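Examining the three-dimensional arrangement
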Amino acid sequence: MDNSEKVSATSPSSGDEFKDVIKGLIKLLMLVIFLGTIFIWVLMPTLVYRTKWLNPVMRTEFGTSTFFGAIGLTFFMFMFPMVLMACLGCLYLHLKKQKNTNQLVREKITDGGVFAAMKRPMLVKGPLGIVSATEFILLAMFVALLLWNFFMYMRNAFPTITPQSAAKHHQKLWQARLEAMALRIGLVGNCCLAFLFIPVVRGSSLLPVVGLTSESSIKYHIWLGHMLMTLFTAHGLCFIVYWASMHEISQMVSWGKTEMSNVAGEITLLSGLVMWATTYPSIRRRFFEVFFYSHYLYIVFMLFYVLHVGVAFCFITFPGFYIFMVDRFLRFLQSRDNIRLSSARVLPSDTVELTFFKNKGLVYNPTSILFVNIPSISKLQWHPFSITSSSNLEADKLSIVIKSEGKWSKKLYEMLSSSDHHIDSSLSVSVEGPYGPTSTDFLRHESLVMVSGGSGITPFISIIRDLIAITQTTTCEIPKITLICAFKNASDIAMLDLILPTSGLELSTDLNIQIEAFITKEKEPRNEETQKIRTIWFKPNLSDQPISAILGPNSWLCLAAILASSTLIFMIIIGVMTRYYIYPIDQNKNKYNATSRSILYLLVLCVSIMVTSSAAVLWNKKKYNVESSKQVQNVDVPSPTFSPSSWAYREIESTPQESLVQCTNLHFGERPNLKKILLETKGSSVGVMVCGPKKMRQKVAKICSSGLAENLHFESISFSW
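From a predicted model like this one, the values you see are computed outputs, not experimental measurements.

The subject of this paragraph is the overall build of the protein. Secondary structure assignment for the protein yields 22 helices and 17 strands. Within the protein, the fraction of its 721 residues that count as buried is 53%. For the protein, long-range pairs separated by at least 24 residues make up 80% of all intrachain contacts whose partners lie at least 6 apart in sequence. Carbon and sulfur atoms form 61% of the exposed surface of the protein, whose accessible area is close to 33,400 Å².

Next up on the list: the confidence of the model for the protein. Within the protein, residue pLDDT values average 83, and 84% of them lie at 70 or more. Ignoring residues within four places in sequence, the model shows residues 100–111, a span with pLDDT below 50, making 28 contacts including any to other chains. Here residues 639–656 is a poorly scored stretch, pLDDT under 50, and it has 43 contacts once near neighbours within four places are set aside; other chains count.

Here we come to the packing of aromatic side chains. One pass over the structure, following the stated rule, counts 25 aromatic pairs. Grouped by ring-pair contacts, the aromatic residues Phe75, Phe76, Phe80, Phe197, Tyr298, Phe315, Phe318, Phe321, Phe324 and Phe570 constitute a single cluster. Its guanidinium or amino end placed over the ring of phenylalanine 371, arginine 202 lies 3.6 Å from that ring's centre, counting from NZ or CZ.

With that settled, the discussion passes to the sheet that holds strand S5 (residues 369–373). Across a sheet, strands are paired by hydrogen bonds formed along the backbone, either parallel or antiparallel in direction. Strand order in the open sheet made by the three strands is S6-S5-S9, with antiparallel pairing throughout. Edge strands, defined here as strands with exactly one partner in the open sheet, are strand S6 (383–386) and strand S9 (430–435). Pairs of neighbouring strands in the sheet enclose a mean axial angle of 25°, with direction left out of account. In terms of strand pairing, S5 meets S6 through four bridges, oriented antiparallel. The partner of valine 372 across the bridge, within S6, is histidine 383.

What follows covers the nonpolar core. If you look at the biggest cluster of nonpolar residues, it comprises 104 residues, and the most contacted ones within it are Trp41, Phe197, Phe318, Tyr322, Leu551 and Leu563. The element that contributes the greatest number of residues to this core is helix H3 (residues 71–97), accounting for 16 residues. Discounting chain neighbours no more than four positions away, the residues touching phenylalanine 197 are Tyr298, Met302, Gly320, Phe321 and Phe324.

What follows concerns a nonpolar patch on the surface. On the surface, a nonpolar cluster with roughly 640 Å² of combined accessible area is contributed by Val21, Leu25, Leu28, Leu31, Val32, Phe34 and Leu35. Counting through the fold element by element, leucine 28 comes out in helix H1 (residues 14–43).

For glutamate 215, the location among the structural elements is in the loop between helix H8 (173–196) and helix H9 (218–245). Of note is the side chain of glutamate 215, whose polar atom sits 3.3 Å from the side chain of threonine 213. A polar side-chain atom of glutamate 215 sits 2.9 Å from a polar atom in the side chain of serine 214.

Attention shifts here to the pattern of salt bridges. Taken as a whole and judged by the stated rule, the model has 12 salt bridges. We note a salt bridge from glutamate 710 to arginine 120, for which the minimum N-O separation is 3.2 Å. Taken together, the residues span a long stretch of sequence, with glutamate 710 in the loop between helix H22 (694–705) and strand S17 (712–716) and arginine 120 in the loop between helix H5 (114–119) and strand S1 (121–123) at a distance of 590 residues. Under the relative-accessibility criterion, glutamate 710 is labelled exposed at 56%. With relative accessibility at 14%, the residue arginine 120 sits in the buried group. Its salt-bridge partner being glutamate 353, residue arginine 465 comes within 3.9 Å of it at the nearest N-O pair. Taken together, the residues span a long stretch of sequence, with arginine 465 in helix H17 (residues 458–473) and glutamate 353 in strand S4 (residues 351–357) at a distance of 112 residues. Each member of the pair arginine 465 and glutamate 353 is classed as buried.

Between its terminal C-alpha atoms helix H15 (residues 319–334) stretches 23 Å, which fits the 22 Å expected from 16 residues at 1.5 Å a residue. With respect to burial, H15 is a largely interior element, 14 of its 16 residues being buried.

The next thing to look at is the sheet that holds strand S11 (residues 480–487). Pairing is parallel across the open sheet formed by six strands, whose spatial order is S15-S12-S11-S10-S16-S17. With one partner strand each, in any of the chains shown, strand S15 (664–668) and S17 form the two edges of the open sheet. Taking the axes of each pair of neighbouring strands and ignoring which way they run, one obtains an average angle of 15° across the sheet. Relative to strand S12 (residues 513–519), S11 runs parallel, the two being bridged by seven bridges. Bridged to phenylalanine 487 within S12 is isoleucine 519. The strands touched by H17 are strand S10 (447–453), S11, S12 and strand S16 (686–691); relative to S10, the strand with the most contacts, the crossing angle is about 150°.

Time to look at the pairing of S4. For S4, the buried fraction is high: seven of the seven residues fall into the buried class. By the alternation rule, side chains of S4 split into Thr351, Glu353, Thr355 and Phe357 and Val352, Leu354 and Phe356, which are all buried. Alignment of strand S3 (residues 341–347) against S4, held across six bridges, turns out to be antiparallel. In the strand pairing of S4, arginine 345 is matched with glutamate 353. A loop of three residues connects S3 with S4, the two strands running antiparallel in sequence, and aspartate 350 in this loop sits at a positive phi of about 55°.

Each value, and the rule that gives it
- Residues numbered from 1 in each chain as written.
- Predicted model: local features only at pLDDT ≥ 70, side-chain atom pairs only at ≥ 80, totals over all residues.
- Heavy atoms only, no water.
- Helix = DSSP H or I, 4+ residues; strand = E, 2+ residues; numbered from the N terminus.
- Buried < 20%, exposed > 50% of the residue type's maximum accessible area, 1.4 Å probe, protein only.
- Contact = heavy atoms within 4.5 Å.
- Areas by Shrake-Rupley, 256 points an atom, 1.4 Å probe, with all protein chains shown as cover.
- pLDDT = per-residue confidence, 0-100.
- Phe/Tyr/Trp six-rings, centres within 6.5 Å; stacked < 30°, edge-to-face > 60°.
- Lys NZ or Arg CZ within 6 Å of the ring centre and 35° of its normal.
- Pairing = 2+ DSSP bridges.
- Axes fitted to C-alpha atoms, helices over the stretch in contact; angles between N-to-C directions.
- Core = buried A, V, L, I, M, F, W, Y, C linked by side-chain atoms within 4.5 Å.
- Patch = residues over 30% accessible without salt bridge, like charges linked within 9 Å, V, L, I, M, F, W, Y side chains within 5 Å.
- Salt bridge = Lys/Arg side-chain N within 4 Å of Asp/Glu carboxyl O.
- Polar contact = N/O pair within 3.5 Å; in protein donor to acceptor, adjacent residues only side chain to side chain.
- Expected span 1.5 Å × (residues − 1).

Quick look at the structure:
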């Protein structure tokens, strides 16, 4: 593209400024709602909540309702605010999505002092992993909230337990206190459960508002899971000890019709313990399938949790799970399509690059990931892989790189590498995603240092390709790039060949990039003749579809509509059903079977989600799939008469493509001196990104947090699934 055709950075228009004001108001409203929710959690264990607010006001209003009954109280206090926050988040992200690249470029890093220090790693090693000061403070505040809840529950309960009151129930004083403590520990655990599912909502509208993704938030899910299972295990053990001391062990097999079901609680705890045990690092790494399949027990866990506590109480902890259910069903609908696979490049480093066709309207940001399922290998297993392509550079293609490390990836590599054909029959593939950040801030830095180990280079390939696209469309300043990649063997250097797309695009002179490749286990290059990349093209299948956004180009608005409409439909159906079916039997006096009520409400909730989500997906398919169908039908497969050197086989040297040779240095038999490289990098703002083994991430984090250089801004890219 000629420089005269490039877009230059301009000052924001009045329309952009108005959108910024609206976005600011939305974030402020979301903050108010969130703080209000936290305030309720702080207030819940106090006597003020029970005596001044809950009993005289809320229960009077909702407890006598013939439409919602007792569930109306918890629904409108806990679930409705969270759904409203999610809808506001969708609106915010829709407005943010329309912000152009030039505006992002102008937003240079200006924060320093306290704000910069809060973002730097505070803890590098330990069970929590790499934790920033902000994360550590928020974690400490959440633990303080749990301790506050437990202390206040105990402070209010113990004074009411006297030897006389205990004797009325044929209890000793310590037994009465143990029973009270067991119940309150369970109540504290509910606080963890309320937030447990929010970090694992891949299409979340809450996480991106605060600059998070589901991948980067996995550690929060892990923290919450450990705290939850610790509290729930203590809750269950205390009750077992209490029943044993009271000679009422038969309570373990009781299933109350209108009261709390103990059996359901025990099934909840057992399923949770199985999931908890398989998260142990050595088990998760060595037996990933066990970890993966056992986590489907979350369905059992949540079902019997609802049956244990009752549907009215479960809405206290249900908001996060409700948003997760919507996201999970949308992922299910997307995974039903077979995806059109264009080609596969088989690298000598036991690595495969898969290239899919995508809808031209699908836009994603660098460092995004795609979940892939190949039924011929496993019908149930889904694996996340970094996207290496750029939607700004390759409008109709999407590529991922898969390194042979586990059983699943090894089977895929063996399947493709053993094929003797350059054109193969279509491979059935399903996908979920892509998922990633709603915006990227690496353009704000003057310099970028990207440190990778092995296949950790893949998210950085997408960044480099995106920067190449920016140099072709804008005249804005591009940060200087230093790519430090460590490989075990010389054959792994072939992964550098993936930096540029197969279209043969060369690096722009506007892109200042330096690549330092370190081969740690070999001291000299291998024979060049053994270094070959083989490309396999797949025959088109008219039933296959290109990858597209499940909810179309206005996906955030569609998601808001699904959340709002499914909630509204649920409320209407429940209101009518309660008024004309349950209330005549129950009279708000807990006469109706608790298990039947819970199952009935859950079915209505599931149907509401399924109907609204399916309607939105079908509407978007009908509206936008005309272009997708034409795209698949017009695909041309390369003719096998082409010269092998032109598309099927291509010899490469120990360095990548010619346009990268001059900016690449190879270092055999040594490791990168990360401290020297990082501290010598020039620029007022240096973005440091690392993706690779745990020790590498910790080493880079330690350097950035050491205070030796104030210009280093750290970001770790880690996929701990």
